[in-house]
Amino acid sequence: MTGTDLATSAAAPPGRPRADRADRTGRTDRSDRTDQGARSDQDDGTDQAARSDRTDRDSRTDRTGRAARNSRAAVPRARVRHNDYGSLLPPDLGGWEPRLRVSVVIPAHDCQEALDRTLAGLAAQTYPAHLMEVVVADDGSDPPLRVPEITPANTRLVRVPEGRWGRGWARQTGAVAAAGDVLHWVDSDMILDREHVEAHMRWHHLAPYAVVMGDVRFTPSAHDGAGPSAREVFSAVEAGDAEKLFDESAPHEWRAGVLEETRWLRDAGAGAYRLHSGATTSVPVALLRSVGGVNTTLNMGEDTDLGFRLAQAGAVFVPDPQARAWHLGPSTVMIREKEVHRHNWSVLPDLIPDLRWLRTHPRRAWLVPYVHVVVDARGASYEDVRASVDSALAGTLVDVAVTVVGPWTELPAGRRPSLDEPLLDLRLVRNLYVHEPRVSFTEEAPAGSAPAPFRLTIPAGWALGADSLAELVKLAEREEYGLLSTALDEGASGVRAARFERTAAFARAALVSEGPGGSDEGGLDDAVHEMFGSLWVGAAEVGVTTADEAEPVAGDTAKWRADSARWKREAETLKGEVESLRAETERLRAEAGRLAGERRRGPLGRITSVARRRGKTG
């Protein structure tokens, strides 16, 4: 369904979807009600009225929650190609009827004044109050943070667990407490324009895998102690004049440059996640949970790590210029860029294999592999499995992990005939790789390989060349293909192939396919081809051979073997050219000899020669 269809089918009334002022201002009489609730002389009638009001409110919240949950199925399964979200047509601000609930999560630490301003701006949002909640995750503030006077109606505080700390823990604590369909991160030093949340949410009604990023401008200073009051922020945001609160502001130069170069990320492809930031970004809760939430071990760089994992889950990253926001003062990375990079680049290479320039070591292992190789050992010989696994581990692309599939639980643990047990080949495979950290064992082929960006599934008995994985990656990245199929051989059952899959492509294909579990493999392949493209290649093109024909991996380094294989292919090509040139040389030599003979015989000799060729002389 397009944005126009969405707006039309919802029968939206004219004007913006607004809650009444009392709900949006955030209960200016909150403190009075709290005091009254604490009075010991409160009469039973007041108690009963309060209980009745709470019951009514809880009932409305429950009904709203059920309606929102039921509405998730109505989100269209749009098929966006790569990161080109231009096929999604969001409705005009104010001209549509929202259905989904949003949880705005604010991680905060010792920042009461800044938090007051952020909440005041949120209190003046156009998104309906009954579909929005705010969760403030207090990261060990001393004194603890409090909910101020001007705040959205459904605002609550949660505390990071005792003994835990940092932005990763604060973000995840807030995410766990969130009850909405969409989670909207907002930093505690942000002021959002009045239509900011609404601008985000219209995209989430169009696709279940959209990750929306607001348009942030930075002010010269943080305004601590001298900035606008919470009341001034609320008044300005409600009137649509938030930008008048600041003398000047500017976008982040690097971000602005990336947006300009990539048509606002429509041409960014697999690298769109690098602009993902926690300052003001929204994500479907189901998508967030599918990747395991926020990495609580990270206090910096957690937004980049999360963005990468969301990308592998099939996300499309949408920067919305109408979701305007102001960051009070420059960010830490703007002030201390080199120090931030020095810190983050000690952590992120282990988690994000896509950052190739940070993985320059020729032999070390990484936590998240770049390519996950799956080899099926069921029914295969020990020698065939070994040829496939060893060739995957010995290539020039070293950040590889291998999973060997087989009935491992059927291997007996007790006394057994060492040379004659029924599953001897399987036992030998396990013996060989049980202590290799890059090899794991599983009973069934894993459903996915996230967060590894690529996965190769290859039958046992086929060996990769030293450069095969590198060549497959290069080919996939050239056109950002979602699937490369390498034809190995053909039998009665058809063509047998190795499959090189882009994790993000198949994750998105599963999200847009019909049914809770996606479609069958053929259906997923069709969806991947439509959104990312696919290609068939021959085994020889990428250096894949049978185990019998493969060169041994021992003795020389992977680079030397790759060079040797390349020189061998070039030599074969040159050998063919030499044979062709030799044949041409012989032909020219014979022709030259014939012409020389004719010249020696003179004109009569040439006439006789021609006549003989025409059969006119004996």
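Our subject in this report is the structure included herewith. Treat the numbers as computed from the prediction; the structure is a model and nothing was measured. (Residues numbered from 1 in each chain as written. Predicted model: local features only at pLDDT ≥ 70, side-chain atom pairs only at ≥ 80, totals over all residues. Heavy atoms only, no water.)

Counting its regular elements, the protein contains 20 helices and 18 strands. For the protein, with 618 residues in total, the buried portion stands at 47%. A separation of at least 24 residues holds for 77% of the contacts in the protein among residues at least 6 apart in sequence. Carbon and sulfur atoms make up 51% of the accessible area of the protein, which amounts to about 30900 Å² in all. (Helix = DSSP H or I, 4+ residues; strand = E, 2+ residues; numbered from the N terminus. Buried < 20%, exposed > 50% of the residue type's maximum accessible area, 1.4 Å probe, protein only. Contact = heavy atoms within 4.5 Å. Areas by Shrake-Rupley, 256 points an atom, 1.4 Å probe, with all protein chains shown as cover.)

Secondary-structure assignment places threonine 486 in strand β15 (residues 483–491). Those residues in contact with threonine 486 that sit more than four places away from it in its chain are Leu472, Arg496, Ala497, Ala498, Trp536, Val537, Gly538, Ala539 and Val542.

Among the structural elements, threonine 118 can be located in helix α5 (residues 112–123). Looking at threonine 118, the relative accessible area reads 1%, which means it is buried. A polar atom in the side chain of threonine 118 sits 2.7 Å from the backbone oxygen of methionine 190. Residues within four places of threonine 118 in sequence aside, it is in contact with Ile106, Val186, Asp187, Ser188, Asp189 and Met190. (Polar contact = N/O pair within 3.5 Å; in protein donor to acceptor, adjacent residues only side chain to side chain.)

Quick look at helix α9 (residues 253–261) now. When α9 is considered as a whole, its buried residues turn out to be Arg255, Val258 and Leu259. Viewed along the axis of α9, the buried residues span an arc of 100°, placing them on a single side of the element. Away from its buried face by more than 90 degrees, α9 exposes Glu253, Glu260 and Glu261. In the core, the buried residues of α9 are packed alongside β6 (210–218) and β9 (316–327). Count one or two residues on from α9 and you reach arginine 263, which has phi positive near 50°. (Arc of directions from axis to C-beta.)

Note that soluble globular proteins tend to have their nonpolar side chains buried in a common cluster. Counting residues in each nonpolar core, the largest one holds 40 residues, and the members touching the most others are Val371, Val373, Val402 and Leu456. If we skip the residues at most four places from it in the chain, valine 371 touches Leu397, Asp399, Val400, Ala401, Phe454, Leu456, Leu469, Val473 and Phe500. Formed by 38 residues, the second largest nonpolar core is a distinct cluster that contains Val135, Leu287, Leu288 and Phe317. (Core = buried A, V, L, I, M, F, W, Y, C linked by side-chain atoms within 4.5 Å.)

The next thing to look at is the environment of aspartate 215. Relative to the elements of secondary structure, aspartate 215 occurs in strand β6. Here aspartate 215 falls in the buried class, since its relative accessible area comes to 18%. Separated by 65 residues in sequence, aspartate 215 and threonine 280 place their C-alpha atoms 8.3 Å apart. With residues near it in sequence (within four places) discarded, aspartate 215 still touches Arg255, Trp264, Asp320, Pro321, Ala323, Arg324 and Ala325.

Now for the packing of α5 against helix α8 (residues 230–238). Orientation of α5 relative to α8, taken along the N-to-C sense of each, is 25°, at an axis distance of 8 Å. It follows from the interaxial angle that α5 and α8 lie roughly parallel. Where α5 crosses over α8, the two elements pack in a sense that is right-handed. Contacts between α5 and α8 pair Asp116, Arg117, Ala120, Gly121 and Ala123 from the former with Ala230, Val233, Phe234 and Val237 from the latter. (Axes fitted to C-alpha atoms, helices over the stretch in contact; angles between N-to-C directions. Parallel < 35°, antiparallel > 145°, perpendicular 65-115°, else oblique. Left-handed = near helix turned anticlockwise from the far one by under 90°.)

What follows is about the sheet that holds strand β13 (residues 454–459). Consider a sheet: its strands pair through backbone hydrogen bonds, and that pairing is either parallel or antiparallel. With mixed pairing, 7 strands are arranged side by side in an open sheet as β12-β11-β10-β13-β16-β15-β17. Edge positions in the sheet fall to β12 (439–442) and β17 (534–538), since each has one partner strand and no second. Going from strand to strand, the sheet's axes swing by 25° on average, the running direction of each strand aside. Bridge count for β15 against β17 is 5 bridges, and the pairing is parallel. If you follow leucine 483 over to β17, its bridge partner there is serine 534. Those strands touched by helix α15 (residues 382–393) are β10 (371–376), β11 (400–405), β12 and β13, and its axis lies near 165° from that of β11. (Pairing = 2+ DSSP bridges.)

Quick look at unusual backbone geometry now. Here aspartate 142 and proline 143 are connected by a cis peptide whose omega angle stands at 5°. As for its position among the elements, proline 143 is in the loop between β2 (132–138) and β3 (155–159). That bond from alanine 450 to proline 451 is cis: its omega, 5°, falls within 30 degrees of zero. Here proline 451 shows up in the loop between β12 and β13. Residue histidine 82 is not a glycine yet carries a positive backbone phi of 50°. Summarising the element assignment, histidine 82 is placed in the loop between α4 (44–71) and β1 (102–108). Although it is not a glycine, glutamate 480 adopts a positive phi angle of roughly 55°.

Turning our attention to the pairing of strand β16 (residues 494–502). The pairing of β13 with β16 spans 4 bridges and is antiparallel. Pairing of leucine 456 across the sheet is with phenylalanine 500, part of β16. Where β15 and β16 come together, 8 bridges link them in antiparallel fashion. Within β16, the position partnered with leucine 484 by the bridge is phenylalanine 500. In this antiparallel pair of consecutive strands, β15 and β16, the connection spans 2 residues.

Next up on the list: the packing of aromatic side chains. Counted under the stated rule, the structure contains 7 aromatic pairs. Aromatic side chains phenylalanine 246 and tryptophan 326 sit 5.9 Å apart centroid to centroid with 35° between the ring planes, which places their arrangement in the tilted category. Highlighted residues: phenylalanine 246 in the loop between α8 and β7 (250–251) and tryptophan 326 in strand β9, separated in sequence by 80 residues. Across this residue pair, the class does not change: phenylalanine 246 and tryptophan 326 are buried. On the basis of an interplanar angle of 80° and a centroid distance of 4.9 Å, the ring pair of tryptophan 408 and phenylalanine 441 is categorised as edge-to-face. Taken as a pair, tryptophan 408 in the loop between β11 and α16 (424–433) and phenylalanine 441 in strand β12 lie far apart in primary sequence, 33 residues in all. (Phe/Tyr/Trp six-rings, centres within 6.5 Å; stacked < 30°, edge-to-face > 60°.)

Relative to each other, α15 and α16 sit at 25°, their axes nearing to 9 Å. One finds that α15 runs roughly parallel with respect to α16. For the pair α15 and α16, the sense of crossing is right-handed. Along the contact surface, α15 presents Tyr382, Glu383, Val385, Arg386, Val389, Asp390 and Leu393, while α16 presents Asp425, Leu428, Val429, Leu432 and Tyr433. Classifying every residue of the contact of α15 with α16 by side-chain character gives 8 nonpolar, no polar and 4 charged. (Nonpolar A, V, L, I, M, F, W, Y, C, P; charged D, E, K, R; others polar.)

Overall, the coordinates contain 34 salt bridges when judged by the stated rule. A salt bridge links arginine 336 to glutamate 339; its shortest N-O distance comes to 2.7 Å. (Salt bridge = Lys/Arg side-chain N within 4 Å of Asp/Glu carboxyl O.)

Scope: geometric values only; no functional claims are made or implied.
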